[in-house]
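# Residue-level structure breakdown
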Amino acid sequence: MSKPAPRLIAAILCTGLALTACAAAPASAPPPAAPAPPSSAAADASPLAAVFKVGLGSGASLGGKRVFPADNAWNTPVDKAAVDPDSDALIRSIGLTTTLHPDFGAHWPTGPFGIPYVVVKGTQKKVKVTFTAYPAESDRGKYPIPRNAPVEKGSDRHLIVIDRDHWKLYELFGARRVKGSAAWKADSGAIFDLRSNRLRPAGWTSADAAGLPIFPGLVRHDEVKAGAITHALRFTVAETRKAYVSPARHYASDDTSENLPPMGMRVRLKADFSIAGFPWQARRVLQAMKTYGMIVADNGSDWYVSGVPDKRWNDEALNTLKSVAGSNFEVVAMGPVTAG
């Protein structure tokens, strides 16, 4: 198939000044860590909503239910993995002095911001979605989108739906409801079986530039409150390479420089970086960056970390992430790189 023009997705630029000025909830002691969720085959075969108390609605808690199998790339610890031989050059291209930026929170400019999602029952009525920009690389068919489904603010307009009973993930990029209809239009869309490690076809995009699912990389308040984030995080960089590395399946650049990160590249916070002095919400995010790392998923602002909008976030605590510079990260050894 012919290669579509690279997609440049605009980032929602939440400035440090604006976020710092936001009202924040008062500091509090961290809630106790929750026990690890059951991971046996028997547990996975049980009714999901009953065993894991998966909620319903916008931003609903998954009740500890893990997205994708335990051995999925998103769920694989990388704290013991080797460092990529080109780590220094790759980190330098993203920015050694540029700092982390939480692209989610509770109060900017007038309320919670980030990438929202909604959990629905398996009986949710499905509606027609027409794909306009990447129809050949989108998963066609009807999507279970409720009338009140939240859509990300800004130009990307991501729409994410989780079917809790069939354990499937539906994601759209550039989602817009057709006026006077229950149908939707979107630039692209992808459907993922959350019980499977199956990747998208090589060269295919998704609702994200890297051809990855978005939801498993989001920082969610329910898991931070429960005690630990047990998956890699999604982040963006301004310049990427015309290449991708698994689990990514798609690139969005014309630049072939090997000093630039390919889509799917994973970084981790260095083991000797102390997170002891950070507020508990920030500390649990940083621990995930040490244990599971972050995956380059889109073109956007450097070191922007994606999360879910939630009024319970403490923006003052999240702002402390902005003291962590790129020089404190290293690139995890990459597998074969697919170049365009």
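Residues numbered from 1 in each chain as written. Predicted model: local features only at pLDDT ≥ 70, side-chain atom pairs only at ≥ 80, totals over all residues. Heavy atoms only, no water.

## Points about the overall build of the protein chain
- Assigned secondary structure in the protein chain consists of seven helices and 17 strands.
- Residues classed as buried in the protein chain amount to 52% of the 340 residues present.
- Contacts spanning at least 24 positions in sequence make up 74% of the contacts within the protein chain whose residues lie at least 6 apart.
- Surface summary for the protein chain: the accessible area is close to 14,400 Å², and the carbon and sulfur share equals 55%. (Helix = DSSP H or I, 4+ residues; strand = E, 2+ residues; numbered from the N terminus. Buried < 20%, exposed > 50% of the residue type's maximum accessible area, 1.4 Å probe, protein only. Contact = heavy atoms within 4.5 Å. Areas by Shrake-Rupley, 256 points an atom, 1.4 Å probe, with all protein chains shown as cover.)

## What to know about the side chain of Asp-298
- Its place among the elements puts Asp-298 in strand E14 (residues 294–299).
- A distance of 3.3 Å separates polar atoms of two side chains, one belonging to Asp-298 and the other to Arg-234. (Polar contact = N/O pair within 3.5 Å; in protein donor to acceptor, adjacent residues only side chain to side chain.)

## Regarding the pattern of salt bridges
- Under the defined criterion, the tally for this structure stands at eight salt bridges.
- Across the pair Arg-234 and Asp-298 runs a salt bridge, and its minimum N-O distance is 3.3 Å. Taken together, the residues span a long stretch of sequence, with Arg-234 in strand E11 (residues 233–237) and Asp-298 in strand E14 at a distance of 64 residues.
- Taking relative accessible area as the criterion, Arg-234 reaches 3% and is therefore assigned buried.
- Here the residues in one salt-bridge network are Asp-208, Arg-234 and Asp-298, joined through shared partners. (Salt bridge = Lys/Arg side-chain N within 4 Å of Asp/Glu carboxyl O.)

## With respect to the sheet that holds strand E16 (residues 329–331)
- Taking strand neighbours across the sheet as the criterion, the six strands line up as E2-E15-E11-E14-E13-E16 in an open arrangement whose pairing is mixed. Because the sheet does not close on itself, it has two edges, and the strands there are strand E2 (101–103) and E16. On average, each strand axis in the sheet is tilted by 40 degrees relative to the strand beside it, whichever way the strands run.
- Running over the sheet, helix H6 (residues 280–291) touches E11, strand E13 (266–269), E14, strand E15 (304–306) and E16 and is turned about 125 degrees from E13. (Pairing = 2+ DSSP bridges. Axes fitted to C-alpha atoms, helices over the stretch in contact; angles between N-to-C directions.)

## Describing helix H4 (residues 87–94)
- Residues of H4 that are buried include every one of Ser-87, Leu-90, Ile-91 and Ile-94, and no others. Considered in projection along H4, the buried side chains sweep an arc of 95 degrees and stay on one side of the axis. Exposed and facing more than 90 degrees away from the buried side of H4 are Asp-88 and Arg-92.
- If you follow the buried residues of H4, they end up packed against E11, E13 and E16.
- Two residues or fewer past H4, Gly-95 is found with a positive phi of approximately 130 degrees. (Arc of directions from axis to C-beta.)

## Some points on the environment of Lys-126
- By the secondary structure assignment, Lys-126 is in the loop between strand E3 (118–120) and strand E4 (127–131).
- It is 6.3 Å that separates the C-alpha atoms of Lys-126 and Ile-145, two residues lying 19 residues apart in sequence.
- Aside from chain neighbours lying at most four places away, what touches Lys-126 is Lys-142, Tyr-143, Pro-144 and Tyr-170.
- Of note is the side chain of Lys-126, whose polar atom sits 3.4 Å from the side chain of Tyr-170.

## Brief notes about the packing of aromatic side chains
- Per the stated rule, a full pass over the model turns up nine aromatic pairs.
- Ring centres of Phe-235 and Trp-303 lie 5.5 Å apart, and the angle between their planes is 15 degrees; on these two criteria the pair is classed as stacked. In this pair, Phe-235 is assigned in strand E11 and Trp-303 in the loop between E14 and E15, connecting sequence segments 68 residues apart.
- By relative accessible area, which is 0% here, Phe-235 ends up buried.
- In this structure an aromatic cluster arises from ring pairing among Phe-131, Tyr-143 and Tyr-170. (Phe/Tyr/Trp six-rings, centres within 6.5 Å; stacked < 30°, edge-to-face > 60°.)

## A word on unusual backbone geometry
- For the bond running from Trp-108 to Pro-109, omega is -15 degrees, close enough to zero to count as cis.
- As for its position among the elements, Pro-109 is in the loop between E2 and E3.
- A cis amide bond links Ser-246 with the next residue in sequence, Pro-247, at an omega value of 15 degrees.
- With respect to the helices and strands, Pro-247 occurs in the loop between strand E12 (243–245) and E13.
- Although it is not a glycine, Phe-68 sits at a positive phi angle of roughly 70 degrees.

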